[in-house]
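Secondary and tertiary structure notes
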Amino acid sequence: MKPLCLSVSVVPLFFSLSFACACAPAIVRGPILEAADLRDLEGEPLRVEALRGRVVVLNFVATWATLSLVDVKYLAALEERIGFQGLAVVVAVTDREGARVASPFKSAFGLTCRVASASAPVVAGATALGRIAAVPFTAVLDRQGRVVFRTAVPLARPAFERLIDRLLREEP
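This paragraph deals with the environment of Pro136. Take Pro136: it is sitting in the loop between helix H3 (120-124) and strand S7 (137-141). Overall, the relative accessible area of 2% leaves Pro136 in the buried class. In sequence terms Pro136 and Val70 are 66 residues apart; their C-alpha atoms lie 8.3 Å from each other. Setting aside its immediate chain neighbours within four residues, Pro136 contacts Asn59, Phe60, Leu67, Ser68, Thr151, Ala152, Val153 and Pro154.

On to the pairing of strand S4 (residues 55-61). In terms of burial, S4 is a largely internal element, seven of the seven residues being buried. With burial as the criterion, each face of S4 is covered, one bearing Val55, Val57, Asn59 and Val61 and the other bearing Val56, Leu58 and Phe60. The parallel pair S4 and strand S5 (residues 87-93), bridged by helix H1 (residues 72-82), forms a crossover whose chirality is right-handed. Direction of pairing for S4 relative to S7: antiparallel, over a ladder of five bridges. Residue pairing in the sheet places Leu58 in a bridge with Ala139 of S7.

Enumeration over the complete set of coordinates arrives at one cavity of 30 Å³ or more. Put simply, the largest cavity is a space of about 50 Å³. Taken together, 10 residues form the lining of the largest cavity, with Val48, Glu49, Arg52, Leu141 and Gly145 sitting closest to its centre. In the lining of the largest cavity, the residues fall into five nonpolar, one polar and four charged.

A volume near 310 Å³ is recorded for the largest pocket. As for the largest pocket, its lining consists of 14 residues, and the residues nearest its centre are Ala62, Trp64, Thr94, Asp95 and Val123. Here the lining of the largest pocket is composed, by residue class, of nine nonpolar, two polar and three charged.

The next point concerns the confidence of the model for the protein. Interpreting fine coordinate detail is not advised for predicted regions of low pLDDT. Here the protein shows a mean pLDDT of 80. Residues at 70 or above account for 79%. Taken as a whole, residues 1-30 scores under 50 in pLDDT and shows 49 contacts with residues more than four places along the chain or in a different chain.

Inspection of every chain in the model, using the stated rule, returns five salt bridges. Between Glu49 and Arg52 there is a salt bridge, and its shortest N-O distance comes to 3.3 Å. By relative accessible area, Glu49 is classed as partly exposed at 28%. Close ionic contact of Glu161 with Arg81 constitutes a salt bridge, the shortest N to O distance being 2.8 Å. Here Arg81 lies in helix H1 and Glu161 lies in helix H4 (residues 157-169), a separation of 80 residues in the sequence. Classification of Arg81 as partly exposed rests on a relative accessible area of 46%.

Cut-offs used in this document
- Residues numbered from 1 in each chain as written.
- Predicted model: local features only at pLDDT ≥ 70, side-chain atom pairs only at ≥ 80, totals over all residues.
- Heavy atoms only, no water.
- Helix = DSSP H or I, 4+ residues; strand = E, 2+ residues; numbered from the N terminus.
- Buried < 20%, exposed > 50% of the residue type's maximum accessible area, 1.4 Å probe, protein only.
- Contact = heavy atoms within 4.5 Å.
- Right-handed = clockwise from strand over helix to strand, strands pointing away.
- Pairing = 2+ DSSP bridges.
- 1 Å grid on protein atoms, 1.4 Å probe; cavity = no way out; pocket = protein on both sides within 12 Å on 5 of 7 lines; lining within 4 Å.
- Points joined across faces, edges and corners; volume = space filled by probe spheres on them.
- Nonpolar A, V, L, I, M, F, W, Y, C, P; charged D, E, K, R; others polar.
- pLDDT = per-residue confidence, 0-100.
- Salt bridge = Lys/Arg side-chain N within 4 Å of Asp/Glu carboxyl O.

What follows is the structure, encoded as C-alpha cells:
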C-alpha cells in the first residue's frame, strides 16, 4: 500500500506545500502516543493503543484557528456513519488551556467523537507523529497502528474517504 502524504511548512506570511505520494508507513518503535500525551475531557489518559485493530484518525486542532476547524464536524459525522466498520476519530485540542477549552468546544460543535486535549510534548514533536507545526494536523493509523497518512491542510474529502475505505477493508 502506498499511502498519501502531504506536508506543509509554514514560514511567516508564506506557505510552501510539498507533496510526496509514495511514502511508506512509518515504522514506529513503541506506542504512537504515550498514555499521558492525550487526556480525555475528564482528565484521564486517552490511550490510542487501546484503539489498535481500528483505523484511527487523529485530528489536531486549535479552537482559536478557524482553518483548523474545517474538518472537525466532517470527521465526527464520518465516524457516526462508518464507525461500526472499525473507524475511530480522535479530535485533539492543542490549546494550552487543555480540557478547560476542549469541553466547551465539543459541546459547541455537537461532536460525538472522542475529544481530548494534547499535551505540550505532543505539540512539540515528542511523539512518533513528529512535530505538529501547524493546525489542522491530521494523521491516520491503520489497524496495526502504523501512520499511513498525515497532512497539515484541510482534507481533500473524496480522496480521504477512498483511503479510509481501503484501510477499513484490510484485515485487522
